[in-house]
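Structural overview for review
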Amino acid sequence: MTPAAYAVLNLDAVQHNLSKVRSRAPDAKVMAVIKANGYGHGMLRIAEALQQADAFAVARVDEGIRLRKAGFKHRIAVLEGFTCGEELDELLHYQLDAVVHSLTQLEIFEAVRLSSRQAGTEHGACAVWLKLDSGMNRLGFKAKEFDAAYQRLNQCALVKQPISLMTHFACADDFNDDKTLKQISLFNETVAGYTGERSMANSAGILGWEQSLTDWVRPGVMLYGISPFPDSTGQQLGLRPVMELHSRLIAVKQIEAGDTVGYGGSWTCERPTTMGIVAIGYGDGYPRYAKVGTPVLVNGRRVPLIGRVSMDMITVDLGAGIHAQPGDPVTLWGEGLPVEEIALWADTIPYTLVCGVTQRVQVIENATITKK
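Residues numbered from 1 in each chain as written. Predicted model: local features only at pLDDT ≥ 70, side-chain atom pairs only at ≥ 80, totals over all residues. Heavy atoms only, no water.

**Some points on empty space enclosed by the protein**
- Using the criterion set out here, one finds one cavity of 30 Å³ or more in the structure.
- Of the pockets and cavities examined, the largest cavity occupies roughly 110 Å³.
- As for the largest cavity, its lining consists of 16 residues, and the residues nearest its centre are Gly225, Pro241, Met243, Val339 and Glu340.
- Grouping the amino acids of the lining of the largest cavity by side-chain chemistry returns ten nonpolar, five polar and one charged. (1 Å grid on protein atoms, 1.4 Å probe; cavity = no way out; pocket = protein on both sides within 12 Å on 5 of 7 lines; lining within 4 Å. Points joined across faces, edges and corners; volume = space filled by probe spheres on them. Nonpolar A, V, L, I, M, F, W, Y, C, P; charged D, E, K, R; others polar.)

**Concerning the pairing of strand 4 (residues 75-78)**
- Note that strand 3 (residues 55-58) and strand 4 share four bridges and pair parallel. Pairing of alanine 55 across the sheet is with arginine 75, part of strand 4.
- Viewed along the sheet, the connection from strand 3 through helix 4 (residues 61-69) into strand 4 turns out right-handed.
- Bridge analysis of strand 4 against strand 5 (residues 97-100) gives two bridges, and the strand direction is parallel. Residue pairing across strands places alanine 77 opposite aspartate 97, the latter belonging to strand 5.
- In terms of handedness, the path from strand 4 via helix 5 (residues 85-93) over to strand 5 forms a crossover that is right-handed. (Pairing = 2+ DSSP bridges. Helix = DSSP H or I, 4+ residues; strand = E, 2+ residues; numbered from the N terminus. Right-handed = clockwise from strand over helix to strand, strands pointing away.)

**Focus: the packing of aromatic side chains**
- Under the criterion given, the structure shown has nine aromatic pairs.
- Centroid distance phenylalanine 56 to phenylalanine 72: 5.9 Å. Interplanar angle 85°. Geometry classified as edge-to-face. Of this pair, phenylalanine 56 sits in strand 3 while phenylalanine 72 sits in the loop between helix 4 and strand 4, and the two are 16 residues apart along the sequence.
- Phenylalanine 56 sits in the buried class, given a relative accessible area of 0%.
- Residue phenylalanine 72 is classed as buried on the basis of its relative accessible area, which comes to 7%.
- Here the aromatic rings of phenylalanine 175 and phenylalanine 229 are separated by 4.8 Å at their centres, their planes lie at 35°, and the arrangement is tilted. With phenylalanine 175 in the loop between strand 7 (164-166) and helix 8 (179-191) and phenylalanine 229 in the loop between strand 9 (216-217) and strand 10 (243-255), the pair connects residues that are 54 residues apart, well separated along the chain.
- The rings of Tyr39, Tyr224 and Tyr351 are connected pair by pair, giving a single aromatic cluster.
- The cationic tip of arginine 288 hangs over the ring face of tyrosine 289; the distance from NZ or CZ to the ring centre is 5.5 Å. (Phe/Tyr/Trp six-rings, centres within 6.5 Å; stacked < 30°, edge-to-face > 60°. Buried < 20%, exposed > 50% of the residue type's maximum accessible area, 1.4 Å probe, protein only. Lys NZ or Arg CZ within 6 Å of the ring centre and 35° of its normal.)

Put into structure tokens, the structure is as follows:
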């Protein structure tokens, strides 16, 4: 029986998208970003599909530990680094790379070095990515602080040499903003003379800023077939979407001119029409603020969303004289309806949609669902 709400994942598309990264950055190693549960697709299944990547990147220590416990031997970078000695111990134990971006982290490194020597114990060395804040103004050392941080790390017995170097872009999705070029220039100037490997390019950098390609690239959203740019879809860039979100009609009814639909009666019917009720809502991760008119595919045909999105259901205008029945298939995003388009209708970005799919949505890998 077809589940009420389900996501179909095409894991072959993940591998295609990885090959696209390699074609765009043929001389770089690939650190696949699989944080936030693999952008909502399932971190472990995405890691399995990306076995050919050179390394993985996650946001937090616990994500890296999950990968290690699942048996992955790849180099794994923790983008948020660590915030206390206990987390550093776990980084060392599970052989995870630490992104170092603050004075507090330097102090923890130095303190752990002293305590380990005093206790007569031996810690393994930790691979480190020293982060330059080149203009994102979030994590990282400013250019004037960078060398001092580098030298302090260089003196830490726990830090594996050579130290790798990285930065992160703020506006790479906007070709009309020259901030990315300024960030690239500042990074290159600041790290000139250092021996460690470099990494700048995220998905937007890989696809749009050739100057950002260095030793390592860090693709994220493009691995899932989604464009990092607001004016294009992944398919237009040669990527293949990984996730489709589906449901089914659970009721079909006639409504008359003047009838209101949904909570608050916010939508009023202007003419007699056929309404379909779909078994999906914000409780499944469909965007609560999708506007009236947001396209939905019913039996492969575009119809508009009407009324408010509720927790478990949405309503659509099937049109006058349309034959439809409960059980008919509905696509919320997928083939013929890019997730990037739905994000525009909901005043959000596609990242939030795929990351927001909830646990009650059944996940089906590389499968075709037929109506029963």
